[in-house]
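In case you want the letters, here they are:
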Amino acid sequence: ENANKDLASLVVELTAKRKVGQGPGVTPGQLYLTSSSQALTSSAESMGIKIESSKELSPTNVAAIASKLSSGDTLLVGPIPTRGTSTNGKVVADTAASLGIAVGGSKSGGVISILLDGPKTGIELEQEGYPLSTILWYSIA
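The shown structure was predicted, so the numbers you read here are calculated from the model rather than taken from an experiment. (Residues numbered from 1 in each chain as written. Predicted model: local features only at pLDDT ≥ 70, side-chain atom pairs only at ≥ 80, totals over all residues. Heavy atoms only, no water.)

Considerations on the environment of Ala8
And then number 1: Structurally, Ala8 is set in helix H1 (residues 2-21).
And then number 2: Between the C-alpha atoms of Ala8 and Gly78, which are 70 residues apart in sequence, the distance is 8.3 Å.
And then number 3: Residues contacting Ala8, with those up to four places away along its chain left out, are Leu40 and Pro79. (Helix = DSSP H or I, 4+ residues; strand = E, 2+ residues; numbered from the N terminus. Contact = heavy atoms within 4.5 Å.)

Take a look at the structure:
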């Protein structure tokens, strides 16, 4: 579990460095985080990342936060535990629908994906109409 927390912190730290550095493909803007992890929130605050509070990380709550952001701003959400390809895909699709954008929405004004701790074996490329290609995952084990 500590490795998962360390990886989440590393993802936030590297995203912040990339956003500040404004390298190729990076749109200028502010970085925000909403998380149920107090340790991750504290770490993000120390990096100058703005914290958005949410009682739960549901698609509608995440969309409500994201809809207030300015163009170029980035909202990091999580970490969120994986619940399988179809459930993960539904979370991504529901959040995109709440924002009025398409999944992978480079043509609709935003990009949405989630980073989850997922399996190394038994991975289904599509389940109940949700393709794995819209979901990013990592595994520590």
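Back to the text.
What about the sheet that holds strand E2 (residues 50-51)?
And then number 1: Judged by pairing direction, the sheet is parallel, and its three strands sit side by side in the order E2-E1-E3 without closing on themselves. Each end of this open sheet is capped by a strand with a single partner; those strands are E2 and strand E3 (74-77).
And then number 2: Taken together, the two bridges between strand E1 (residues 31-34) and E2 define a ladder with parallel strand orientation. Within E2, the position partnered with Leu33 by the bridge is Ile51. (Pairing = 2+ DSSP bridges.)

A look at the side chain of Ser35
And then number 1: Here Ser35 shows up in the loop between E1 and helix H2 (38-46).
And then number 2: Residue classification places Ser35 among the buried residues on the basis of a relative accessible area of 15%.
And then number 3: Sequence-distant contacts of Ser35, defined by excluding residues within four places in its chain, comprise Leu40, Thr41, Leu57, Gly78 and Pro79. (Buried < 20%, exposed > 50% of the residue type's maximum accessible area, 1.4 Å probe, protein only.)

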